[in-house]
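Single-letter residue listing:
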Amino acid sequence: MCEEEKKARHFIEREIDKDLAEGVYDHVQTRFPPEPNGYLHIGHAKSILLNYGMAQEYGGKFNLRFDDTNPTKEKIEFVESIKADVKWLGADWEDRLFFASDYFEQMYEGAVKLIRKGKAYVSDLNADQIREYRGSFEEPGKNDPNRDRSVEENLRLFEEMKDGKYADGEKVLRAKIDMASPNINMRDPAIYRVAHMTHHNTGDRWCIYPMYDFAHPIEDAIEGITHSLCTLEFEDHRPLYDWVVRELEYPHPPRQIEFAKMYLTNVVTGKRYIKKLVESGTVDGWDDPRLVSIAALRRRGFTPESIRMFVDLCGISKSQASADYAALEYCIREDLKPKVPRMMAILDPIRLVIDNYPEGQTEELEVLNNQENEALGSRMVPFGRELYIERDDFMEEPPKKYFRLFPGNEVRLMNAYFVTATSFEKDAEGRVTTVHCTYDPATRGGNSPDGRKVKGTIHWVAAATAADATVRLYENIVDEEKGVYDEEGNLNLNPHSLTVLEHCKLEPSLAGAKAYESFQFVRQGFFTVDYKDSKEGAPVFNRIVSLKSSFVLPKAEDSQK
């Protein structure tokens, strides 16, 4: 490997390289371990793609495992949504789909082993008392009154916990480590609790459940995970992770490595906030296109490729940083620009009547599907005497440098003819409803044989064949000027986050567009067909992103920091 390649490798790759070179491991196995208590969001995409990417890079294996140790908040709905998200992102777990609850028996046996070694004890303290005994960052904790119970008594009490003889919170099993440790996580943490709850996977078989910090290293060790990649908030928990796998004497213990989370500015990712938005009807589900759950981004029209590009752009480091949502928008534009057809759609239509075009005549004009990618071919678009154009493409009294239609001005109809506005009609409210014009038959295709130039080009849709459609325009659900939260911790919602446009006029071929199909609407942005609200022959289009971007691509060296 050349020196330049070494420098470009991020710190996790360098750590894995070192472990393999020193023979700590002879292979790489990673996992993505979500808790099924909500839908995944954009931040989880980084973890999924990092863990899967490392397995791919080193010819290893990748597991999907649900950390379902807390049945109070877990649902099968969340399990299925997470599986769909991981699969959509392209992370293939093959036949390695696991649940923490698959290992409850081994976890129980591990707890018994710790008791027999004198490394765990049953405590009668409640949660508040345990917090009080734990001490603070400045002061050491105090020993639990039950810390010196005998092995035999602890075994009996723990079995009674398992047999349902105690109420929730009445007893806990604690690891026996060091109440004076500078790391509060090592001050005899609780590793099992009593919880009489039905579990989505194991039913009512268990009434005690392991705590996450005890369960997670066991799950990794059982599955043969080599590198347990997790976010920085678990850095202080690493000594406990190592303690568990060491005391339970796993022959090839996994290694935990932490990386910085991916934060997006001015977005809502907190599950409790999203749950409130869903339950109040502010959004129409966890996949509402204004959210940044992976399901919402998929429904909005983002692609796996754009998410991967965004994660690569953000990079892997140990430094916390926030990415601008504009960077994510940049990635979807870059991905879709060469891939999707550019169609004509009129979102705020007024009629354009070509008075000197023969009545009853229609013709088909050939239009390239994508000027940047000729491989996408061309299509035939109907043209006639009456068209629809955008309302803001005509002005009765235009300002300077307005080059679109106004009385006496000539413009190009995209891929069609030159037309000159001659008059217009208004409704009772004074709004323009119809513009009249004449056309030059010699300019078919958009160029004049006499070489005259026009400064304005506008798009159009033939009225007789136009598809009638609903189009939804999205803005950030958060009021960006006020920030995500107010002083009381409530969301600052943007009242204009959704605009629904009815009776938009689209090219006729778009009437048959299917769910998740994406297009560029000329001068409007990128749009996709909504999977939830579209009907056969009546698609609903979600705007993925506008055409304009404020994002500037960072220099290569900046993204590696």
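Bear in mind the structure is a predicted one, so any value in this text is a computation, not a measurement. In this convention, every chain numbers its residues from 1, walking through the sequence in written order. In keeping with the predicted nature of the model, local features appear solely for residues at pLDDT of at least 70, side-chain atom pairs appear and are counted solely at 80 or more, and the whole-chain, interface and lining totals rest on all residues. Computation of side-chain values covers all heavy atoms of the structure but excludes hydrogens and water.

## What to know about the nonpolar core
Thinking step 1. Core analysis: the largest hydrophobic core is formed by 41 residues, its most contacted members being I42, V86, L264, I307 and F310.
Thinking step 2. By the criteria applied, helices consist of DSSP H or I runs no shorter than four residues and strands consist of E runs no shorter than two, each listed in order from the N terminus. At the level of elements, helix 3 (42-57), strand 2 (61-66), helix 4 (76-88), strand 10 (262-264), helix 11 (294-300), helix 12 (304-314), helix 13 (325-336) and strand 27 (540-545) are the ones that each hand at least two residues to this core.
Thinking step 3. It is helix 13 that provides the largest number of residues to this core, a total of seven residues.
Thinking step 4. Every residue pair with non-hydrogen atoms within 4.5 Å of one another is taken to be in contact. Those residues in contact with F310 that lie beyond four places of it in its chain are I42, M262, L264, A323, D324, A327, L328 and C331.
Thinking step 5. By size, the runner-up hydrophobic cluster in this structure holds 34 residues, among which are L155, F158, W206 and L248. Buried residues of nine kinds, namely Ala, Val, Leu, Ile, Met, Phe, Trp, Tyr and Cys, make up a nonpolar core once their side-chain atoms join them within 4.5 Å. The classification of residues rests on relative accessible area computed with a 1.4 Å probe and restricted to protein chains. Under 20% of the type maximum is buried, over 50% is exposed, and intermediate values are partly exposed.

## A look at the packing of helix 8 (residues 212-223) against helix 9 (residues 238-247)
Thinking step 1. Axis definition: a line fit to C-alpha positions, over the contact stretch in the case of helices; interaxial angles, taken between N-to-C directions, run 0 to 180 degrees. As a packed pair, helix 8 and helix 9 sit with axes 9 Å apart at the nearest point and diverge in direction by 55°. The pairing of helix 8 with helix 9 is recorded here as oblique in orientation. Viewed along their axes, helix 8 and helix 9 form a crossing whose handedness is right-handed. Across the interface between the two elements, D213, F214, H216, P217, I218, D220 and A221 from helix 8 touch L240, Y241, V244 and V245 from helix 9.
Thinking step 2. Here the residues of the contact of helix 8 with helix 9 sort into eight nonpolar, one polar and two charged. Between 65 and 115 degrees an angle is taken as roughly perpendicular, under 35 as roughly parallel, over 145 as roughly antiparallel, and anywhere else as oblique. It is the rotation of the near helix from the far one that decides the hand of a crossing: anticlockwise by less than a right angle makes it left-handed, clockwise makes it right-handed. Throughout this entry, Asp, Glu, Lys and Arg are counted as charged residues, while Ala, Val, Leu, Ile, Met, Phe, Trp, Tyr, Cys and Pro are counted as nonpolar. The remaining residues, Gly among them, count as polar.

## Notes on unusual backbone geometry
Thinking step 1. The residue D188 is not glycine, and still its phi comes out positive at about 45°.
Thinking step 2. Along the chain, D188 turns up in the loop between strand 5 (172-175) and strand 6 (190-194).
Thinking step 3. The backbone phi angle of N415 is positive, close to 65°, even though this residue is not glycine.
Thinking step 4. Following the sequence through the fold, N415 ends up in the loop between strand 18 (410-413) and strand 19 (418-426).
Thinking step 5. Taking the relative accessible area as the measure of exposure, N415 reaches 23% and is therefore partly exposed.

## Some thoughts on the sheet that holds strand 7 (residues 208-210)
Thinking step 1. As summarised here, the arrangement of the four strands in space is 4-5-6-7, forming an open sheet in which the pairing is antiparallel. Taken across any chain shown, the strands that pair with only one partner, and hence form the sheet edges, are strand 4 (120-123) and strand 7. Sheet twist, expressed as the average angle between the axes of neighbouring strands with direction ignored, equals 20°.
Thinking step 2. Two strands form a pair only when DSSP identifies at least two bridges running between them. Direction of pairing for strand 5 relative to strand 6: antiparallel, over a ladder of three bridges. By the bridge assignment, R174 is partnered in strand 6 with A190.

## Some words on helix 6 (residues 127-134)
Thinking step 1. The opening residue of helix 6, the one whose side-chain oxygen lies 3.1 Å from the backbone nitrogen of D128, is N126.
Thinking step 2. Note on helix 6: the residue one or two positions beyond its end, G135, has a positive phi of about 85°. Identification of polar contacts relies on pairs of N or O atoms within 3.5 Å, with a donor-acceptor requirement for protein atoms, meaning one able to donate a hydrogen and the other able to accept it, and with residues adjacent in sequence counted only if both atoms are side-chain atoms.

## Re empty space enclosed by the protein
Thinking step 1. Here a cavity denotes grid points, spaced 1 Å and computed from the protein atoms alone, that fit a 1.4 Å probe unable to get out, and a pocket denotes an open set having protein on both sides within 12 Å along at least 5 of 7 lines; residues with an atom within 4 Å of a point are the lining. Grid points are joined across faces, edges and corners, and a volume is the space filled by probe spheres set on the points. For the coordinates displayed, the defined rule picks out one cavity of 30 Å³ or more.
Thinking step 2. Approximately 90 Å³ is the volume attributed to the largest cavity.
Thinking step 3. Along the walls of the largest cavity sit R31, Y212, D213, H216, P217, C230, F234, H237, R238, L240, Y241 and Q256, which together make up its complete lining.
Thinking step 4. Here the lining of the largest cavity is composed, by residue class, of six nonpolar, three polar and three charged.

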